[in-house]
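Chain by chain, the residues:
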Amino acid sequence: MAAGVWSLMRFLIKGSLAGGAVYLVYDQELLGPSDRTQAALRRAEEVVPPAVYHFCQYVCRQTGLQIPQLPAPPKMNFPIRESWNAGIIKVMSALSAAPTKALEYSREGWEYVKERTK
Amino acid sequence: MSESDLGRKWDRCLADAVVKIGTGFGLGVVFSLTFFKRRMWPLAFGSGMGLGMAYSNCQHDFQAPYLLHGKYVKEQ
């Protein structure tokens, strides 16, 4: 009898956890169109860092510990475009300067070898 | 499509992919821990579903300017 009740309780707890996770995903429209996902990301960006900061402050007050200043929370937007463009520009600049640099380094290397062999 | 529009679409696609794969993975973790005795397949299934949804959204997003929406006009 007790075992049956316990297994039923376990099933209900697991079911409510799983159901809660599914409902959270459905409510926040995380698996919906991409503009809804972006809106959810923006909401998370507004809510999560202050919540983490306030939680840390609360822990500090309760425990009396002085937690040193945490680094800035990570940004949740993905500016891939800027980093990609910056990467492309860097690579192209390096490629265009490569022959000049190679000539310069080989000349320096040749001078060095000549001095050593004198 | 201008370059900035293309860039914005790529950004949106990648952010969407990361969120969907993460959500699928998270749901897979929850179901694996609660019902499936810590097996690995719910994680793989959830991540794969998220990836597929993100791919489908991206495809629709990129093809959107080229899709023509027509109307059927009945003969009078």
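Just so we're clear, the structure is a prediction, and the values are computed from it rather than from any experiment.

Reading the values: rules and limits
Throughout this document, residue positions are counted from 1 along each chain, in the order its sequence is written. Each chain takes a letter, starting from A, and each ligand takes a number, starting from 1, following the order in which they are written. Owing to the predicted nature of the model, reporting of local features is limited to residues with pLDDT of at least 70; listing and counting of side-chain atom pairs is limited to 80 or more, with chain, interface and lining totals taken over all residues. Each side-chain value is worked out from all heavy atoms of the structure, with water and hydrogens disregarded. Where helices and strands are cited, they refer to DSSP runs of H or I of at least four residues and of E of at least two residues respectively, numbered from the N terminus. Buried residues are those whose accessible area, probed at 1.4 Å on protein chains only, stays under 20% of the maximum for their type, while exposed residues exceed 50% and partly exposed ones sit between those limits. Here the Shrake-Rupley method, with its probe set to 1.4 Å, supplies the accessible areas, and only the displayed protein chains count as covering residues. UniProt positions are given in the numbering used here, feature names are shortened, and annotations may be inferred rather than shown by experiment. pLDDT expresses how confident the predictor is about each individual residue, on a scale running from 0 to 100. A pairing counts as a salt bridge when a side-chain nitrogen of Lys or Arg comes within 4 Å of a carboxyl oxygen of Asp or Glu.

So, about the overall build of chain A. Secondary structure summary: chain A contains three helices and zero strands in total. Counted from the first residue to the last, chain A has its helices and strands arranged as α-α-α. The buried share of chain A, reckoned over its 118 residues, is 9%. With an accessible surface of roughly 10,000 Å², chain A has 67% of that area assigned to carbon and sulfur atoms.

A word on the UniProt feature "signal peptide" (unreviewed entry) in chain A. What UniProt calls "signal peptide" (unreviewed entry) maps, in this numbering, to residues 1-18 of chain A. Spanning residues 1-18 of chain A, this segment combines 94% helix with 0% strand, and its end C-alpha atoms are found 26 Å apart.

Our next topic: the confidence of the model for chain B. One rule of thumb: low pLDDT means the predicted coordinates there are not for detailed reading. For chain B, mean pLDDT is 86; residues scoring 70 or higher make up 89% of the total. For this predicted complex, the interface confidence reaches an ipTM of 0.71, while the overall pTM sits at 0.64.

Right, let's talk about the pattern of salt bridges for a bit. All names here are of chain B. The tally for this structure, following the rule as stated, stands at three salt bridges over all chains. A salt bridge links Arg12 to Asp61; the nearest nitrogen and oxygen atoms lie 3.1 Å apart. Of this pair, Arg12 sits in helix α1 (residues 3-34) while Asp61 sits in helix α2 (residues 41-63); the two residues are 49 residues apart in sequence, bridging distant segments of the chain. With a relative accessible area of 13%, Asp61 lands in the buried category. Here Lys20 and Asp16 are joined by a salt bridge, their closest N and O atoms 2.7 Å apart. With Lys20 and Asp16 both in helix α1, this residue pair falls four residues apart, about one helical turn. We classify Lys20 as buried; its relative accessible area is 0%.

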